[in-house]
Amino acid sequence: MNTGIEFTMKLSAAYSAVCRPLCHELNLPQTAFDILMFLANNPEYTTARDIVEIRKIKANLVSIKLVGEGYLRREADADDRRKTHLLCTDKADAVIEQGRTLQNRFMDSLLAHIDDADRKQLTESIHQMEQNLDAFMGAQFQGGKHERRVD
């Protein structure tokens, strides 16, 4: 299904193009902006490892820069001192606010000319695909067979 690849490539290119002027205005590289927005929009994920695993962004150098510039602060985990959380600071608030406005406008543009019924169907279909992925990921491949994992 080539359409999926083309769609994701176009989506990524369009989002980057929309972000470019704001990143330039804020004097932030796209990767730094993406990390700030990821941390702000997903407060359950706060480590550099989360950023690498979920967003596939090499976060170390960028997070060091964001800490150095005061957009992020490090906080040791209360239960595991080896684990460090990256938390947005007050300085990041203005970037996050502008970023969310940009993201909302981008989503509105993406969904333009799609009526409410189709938007609802799209949301339901994506939710069902997510459940299908959860079921797939909950299964194991053993001996070439796809078997349900029992925990």
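Rules and cut-offs
- Residues numbered from 1 in each chain as written.
- Predicted model: local features only at pLDDT ≥ 70, side-chain atom pairs only at ≥ 80, totals over all residues.
- Heavy atoms only, no water.
- Phe/Tyr/Trp six-rings, centres within 6.5 Å; stacked < 30°, edge-to-face > 60°.
- Helix = DSSP H or I, 4+ residues; strand = E, 2+ residues; numbered from the N terminus.
- Buried < 20%, exposed > 50% of the residue type's maximum accessible area, 1.4 Å probe, protein only.
- Expected span 1.5 Å × (residues − 1).
- Arc of directions from axis to C-beta.
- Axes fitted to C-alpha atoms, helices over the stretch in contact; angles between N-to-C directions.
- Parallel < 35°, antiparallel > 145°, perpendicular 65-115°, else oblique.
- Contact = heavy atoms within 4.5 Å.
- Nonpolar A, V, L, I, M, F, W, Y, C, P; charged D, E, K, R; others polar.
- Patch = residues over 30% accessible without salt bridge, like charges linked within 9 Å, V, L, I, M, F, W, Y side chains within 5 Å.
- Areas by Shrake-Rupley, 256 points an atom, 1.4 Å probe, with all protein chains shown as cover.
- Salt bridge = Lys/Arg side-chain N within 4 Å of Asp/Glu carboxyl O.

Colleague: Would you mind going over the packing of aromatic side chains with me for this structure?
Modeller: Between two aromatic rings, the relevant description is the distance of the centres plus the angle of the planes. Tallied over the full model, the rule gives two aromatic pairs. Relative to F106, the ring of Y15 lies with its centre 5.5 Å away and its plane at 70 degrees, an arrangement referred to as edge-to-face. With Y15 in helix 1 (residues 2–26) and F106 in helix 5 (residues 92–110), this pair connects stretches of sequence that are 91 residues apart. Residue Y15 is classed as buried on the basis of its relative accessible area, which comes to 18%. Look at F38 and Y45: their rings are 6.2 Å apart centre to centre, the planes differ by 25 degrees, and that puts the pair in the stacked class. Overall, the relative accessible area of 6% leaves F38 in the buried class.

Colleague: How should helix 5 be read in this particular structure?
Modeller: The first and last C-alpha atoms of helix 5 sit 26 Å apart over 19 residues, in line with the 27 Å expected at 1.5 Å per residue. Within helix 5 the residues assigned to the buried category are A92, V95, I96, G99, L102 and F106. Each buried residue of helix 5 sits inside an arc of 130 degrees when the element is viewed along its axis, so together they form one side. When the buried face of helix 5 is taken as reference, the exposed residues oriented beyond 90 degrees from it are E97, R105 and D108.

Colleague: For this particular structure, what's the right way to read the packing of helix 2 (residues 30–41) against helix 3 (residues 48–55)?
Modeller: Packed helix pairs are characterised by how far apart their axes lie and by the angle those axes make with each other. With their axes 11 Å apart at the nearest point, helix 2 and helix 3 run at an angle of 100 degrees to one another. Classified by the angle between their axes, helix 2 and helix 3 sit roughly perpendicular to one another. Note on element contacts: helix 3 touches helix 2 through D50, I51, I54 and R55, opposite D34, I35, F38 and L39. Split by residue class, the contact of helix 2 with helix 3 holds five nonpolar, no polar and three charged.

Colleague: Looking at this structure, how should I read helix 4 (residues 60–68)?
Modeller: Each α-helix turn comprises 3.6 residues. Residues three or four places apart therefore point the same way. For helix 4, the full list of buried residues reads V62, S63 and L66. Down the axis of helix 4, the buried side of the element spans an arc of 95 degrees, and every buried residue falls inside it. Residues of helix 4 that are exposed and angled more than 90 degrees away from the buried face: N60, L61 and G68. For helix 4, the secondary structure elements touched by its buried residues are helix 2, strand 1 (72–76) and strand 2 (84–88).

Colleague: Before we go on, may I ask you to explain a nonpolar patch on the surface in this structure?
Modeller: On the surface, F7, M107 and L110 cluster together into a nonpolar patch covering about 280 Å² of accessible area. Here M107 shows up in helix 5.

Colleague: Looking at this structure, I do not really get the environment of E124. What am I missing?
Modeller: Within the element layout of this structure, E124 appears in helix 6 (residues 116–137). A C-alpha to C-alpha distance of 24 Å links E124 and E44, two positions 80 residues apart in sequence.

Colleague: Explain the side chain of T47 here, please?
Modeller: Among the secondary structure elements, T47 is positioned in the loop between helix 2 and helix 3. Not counting chain neighbours up to four residues away, the residues in contact with T47 comprise K83, T84, H85 and L86.

Colleague: How do you make sense of unusual backbone geometry when you look at a structure like this?
Modeller: Note: most residues except glycine have negative phi, and most peptide bonds are trans. Its identity is not glycine, yet N27 carries a phi of approximately 55 degrees, on the positive side. Summarising the element assignment, N27 is placed in the loop between helix 1 and helix 2.

That's the geometry; what it means functionally is another story.
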